[in-house]
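Residues per chain, in single letters:
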Amino acid sequence: MRKLLFAAASVSVLAACGGAGDGSDSDASGNQSSVNGTSSSASDGTIEAGDDFALRLQTALIEAEPGSTITLPAGTFAMTDGLTLDVDGVTLRGASPAETILDFKNQMGSGEGLLVTSDDVTLTNFTVRDSKGDGIKSKGADRITYSNVKVEWLGEPSEDNGAYGIYPVESTDVLVEGSHVRGASDAGIYVGQSDNIIVRDNIAEFNVAGIEIENSSNAVVNGNVVRNNAGGILVFDLPDLPVMGGNTTLIRNNLIEDNNTRNFAPPGNIVASVPSGTGVIIMANEKVMVRDNNFANNQTAHVLITAYSQDFSDVDYNPLPRNIEVRNNTYGESGYNPQGDLGDLASLIGGNLPPVIWDGVTSWGDNPDSDLNIFINEPDSVGFVNLGLGAYPVDVSAASPSMDRPAGESIGAIPTVKLSHAE
Amino acid sequence: MRVALAACLVLLLPACGQQQVPAGPDIEAILAAGPAETLADYGLFTDPSAREPSEGVISYDLINPLFSDHASKHRLIYVPEGQAAGYRGGEEVLDFPVGTVLIKTFAFAPDMRSPDEGERYRETRLLIRKEDGWAAYPYVWNEDETEARYAPAGAWLDLAFTDPSGAPVEIDYRVPNQNQCKTCHQLGDAIAPIGPKARNLAHEGPLGVGQIEDWTMRGMLTGAPDSVEAVADVHDVSLPLDPRARAYLDINCAHCHRAEGSASNSGLWLGWEEQEAVRIGFGKHPTAAGRGSGSGTVVIEPGAPDASILVYRMDSAEAGVAMPELGRALIDDAGVELVRAWIEDMPTEN
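Residues numbered from 1 in each chain as written. Chains lettered and ligands numbered in written order. Predicted model: local features only at pLDDT ≥ 70, side-chain atom pairs only at ≥ 80, totals over all residues.

Colleague: It is not clear to me how the domain arrangement of chain B should be interpreted in this structure. Could you clarify?
Modeller: Many authors give the size of an interface as the accessible area that is lost as the parts come together. Residue and element names in this part refer to chain B. Segmenting chain B into domains produces domain 1 (12–222) and domain 2 (241–344). Just the C-alpha atoms count here: the centres of domain 1 and domain 2 sit 27 Å apart. Opposite the 22 residues of domain 1 that make contact, domain 2 presents 17 residues. When contributions to the side of domain 1 that touches domain 2 are tallied by element, the ones reaching two or more residues are strand S9 (168–175), helix H3 (178–185) and strand S10 (186–187). Looking at which element gives the most residues to the side of domain 1 that touches domain 2, the answer is S9, with five residues. (Domains from an automatic or database assignment. Contact = placed C-beta atoms within 7 Å. Helix = DSSP H or I, 4+ residues; strand = E, 2+ residues; numbered from the N terminus.)

Now the structure itself:
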């Protein structure tokens, strides 16, 4: 409102002076260009459709009062640069993901479609489409809510798509619910270096990884549909990052099926090593429970428990998974067409793989063997293999596969994650 | 709202006649809670086109500036009279007092091989030290260069010029929005200047005198030793590659790539002071690079610039790949060449 009036004043004055405002300048002159009579004055944070939409939206995001709501209209809106929000407590609300679409196909700058760097923000009811880098990133944004948001890259899965769809990082209290991510060349929903996390009731499809919890603690991944990715749900801990020691994640009640899309991640990224056709991968993490999920038709394996696979020098880093429990899941067909390194290893045990796989790495560096407590708490009818790789770094030729389950005990219940900003 | 409109008109009407400019820096405007609508409102210049600084507004430059699409940058500083910036060691940005204004105007000439001929001001960015910390405000110049107006959402400018190598370029030049200013100037939860570290000021500036000594003489700076070691000039080919490349990464990357910066989560920290090899990029795998990694698996592969993600991202102008991800539409060829030579020159293992 204030902006419009100032701009109007500026234009009228300039016109009185003669000279300026010849129209050719309109794209170049920032807020001077926002008045042309077509945009009715906004009320209470509603951004009207019309000319200079991106400019007016970004201005509103900058000038928002803490705690206010910015409402986006229905329509598809072309964005030329990433949007940024740095005001606490703002709600950004569209009409619905189908109706309100922020289209970044012609984005010229920034590393993501929308960047949030303030606390207590809610993002809801809109779509971010075809951003050049990540879709929506929130960094150091505590108590954030993503609800009924869609992030998508249209077309066939492609290396040229952005890396992460929904990307909260370095945050405490993260809620991602009822959202839909499609086509990310890394993870659809990626929560990194964060604490206290709920990812529930989302759809993640045609990404390299559907959902990834990385270098994070106290996460619940519940009730999601994770399908047609290369890998379904990943719980990773990586070295050489400011926050390490990922732990305490519950993966429960998810439908994890048909994750047989080719791995289209650019090489070099950790997810490029994910074998296409893997349901859940737990890598170098502590205290992870995988229970009550429905696994179906993942061509390599339903559950893979593995050590970190690349070289590292970080003395504070533990590359092994430990205190892992797999229980009471439903397992459909799997392992009939194993990909990647697991394809090579499968030939050692007759070509097909069982649904649950542990690489059997129990030591690294000069450290002695450790008891990792990998507990496969499933009926005997659920197939399992310990690849028996022994020591890190992984040497595939050292494999000595065994169908015997390691001795383990229950890790107990994962504490319920209570967010301070949502039920 | 009517009141606001009327006030606004009153404020702007004098623009038709002789521009009324405050007599000297207006500390009220400088310390106000929000930005002034025009650059002239601060009284930092005696003319509306901001060529003539007011009393106490001093030109300076940096030994190594950030690359910004070959823009000429005109830097000035205002420190309120009777106040002084504190010296905090050569590696640190000076401790500027409340009321300090850092002024940076971005300008282009038709032929950037002779940047003074036909130069046009495009945007002016202010960093103001308010009572409660720094604020960053972008201003965009009109076509006649008679007024620079606050532009919180930034702007896209269609620019065409001949670059310093003689090649014609046309770009969509981005004036960053106010949040994007903060993205680069982030220091933890606050924002802060990037360039004016003592070692990056320690040379003879545009006034023809040593800047540290001059600022001390003027009473704008206190506590600086008689001699401050200068950072390596990135483009001084008489110097070894290592300090030049590290100085380049420091000024072009480390504002985000440090523990307190916007790219902290990458674990890639490119500051001049950083000693740990993996943090600088040796054996450092990409974390969230996506397609920005190209085909590389590590940030720096000694002896192999083409396998180094660092070079790949510097040598791109494509959103989602290019680094820095804000502030440039063009590739800094000289910078790429320097970093490439630095990596090429590194001993390979075994």
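The structure having been displayed, the exposition proceeds.
Colleague: What am I meant to see in the UniProt feature "domain: Right handed beta helix" (unreviewed entry) in chain A here?
Modeller: Using the residue numbers shown here, the UniProt feature "domain: Right handed beta helix" (unreviewed entry) corresponds to residues 110–236 of chain A. Overall, residues 110–236 of chain A shows 0% helix and 59% strand. The separation of its end C-alpha atoms is 27 Å. (UniProt positions renumbered as here; feature names shortened; annotations may be inferred.)

Colleague: When you look at the pairing of strand S9 (residues 134–139) of chain A in this model, what are you seeing that I'm missing?
Modeller: Remember that side chains alternate between the two faces of the sheet whenever the strand is regular. Residues and elements named next belong to chain A. Along S9, six of the six residues are buried, which leaves the element largely enclosed by surrounding structure. The pairing of strand S6 (residues 109–116) with S9 spans four bridges and is classified as parallel. Across the sheet, Leu 114 pairs through a bridge with Ile 136, a residue of S9. Strand direction decides the pairing type here: S9 and strand S12 (residues 166–169), joined by four bridges, are parallel. In the sheet register, Ile 136 faces S12, and the bridge partner there is Ile 166. (Buried ≥ 20, exposed ≤ 12 C-beta atoms within 10 Å, placed from the backbone. Pairing = 2+ DSSP bridges.)

Colleague: What should I look at first to understand the sheet that holds strand S16 (residues 195–200) of chain A in this one?
Modeller: Two strands in a sheet stick together by hydrogen bonds in their backbones, pointing the same way (parallel) or opposite ways (antiparallel). Residues and elements named next belong to chain A. Strand order in the open sheet formed by eleven strands is S1-S4-S7-S10-S13-S16-S19-S22-S25-S28-S32, and the pairing between neighbours is parallel. A single partner strand is all that each edge strand has here, and the edge strands are strand S1 (69–71) and strand S32 (374–377). Neighbour to neighbour, the strand axes of the sheet diverge by 5 degrees on average, direction disregarded. Pairing of S16 with strand S19 (residues 217–222), which is carried by five bridges, proceeds in the parallel orientation. (Axes fitted to C-alpha atoms, helices over the stretch in contact; angles between N-to-C directions.)

Colleague: What am I meant to see in the packing of helix H6 (residues 241–252) of chain B against helix H9 (residues 333–344) of chain B here?
Modeller: If you want to describe how two helices pack, look at the angle between their axes and the distance between the axes. Residue and element names in this part refer to chain B. At a minimum axis distance of 9 Å, the contact between H6 and H9 shows a crossing angle of 130 degrees. By the angle between their axes, H6 is oblique relative to H9. When you trace H6 past H9, the crossing you get is left-handed. Seen from H6, the contacting residues are Leu 241, Asp 242, Arg 244, Ala 245, Tyr 248 and Asn 252; seen from H9, they are Gly 335, Leu 338, Val 339, Ala 341 and Trp 342. Classifying every residue of the contact of H6 with H9 gives seven nonpolar, two polar and two charged. (Parallel < 35°, antiparallel > 145°, perpendicular 65-115°, else oblique. Left-handed = near helix turned anticlockwise from the far one by under 90°. Nonpolar A, V, L, I, M, F, W, Y, C, P; charged D, E, K, R; others polar.)

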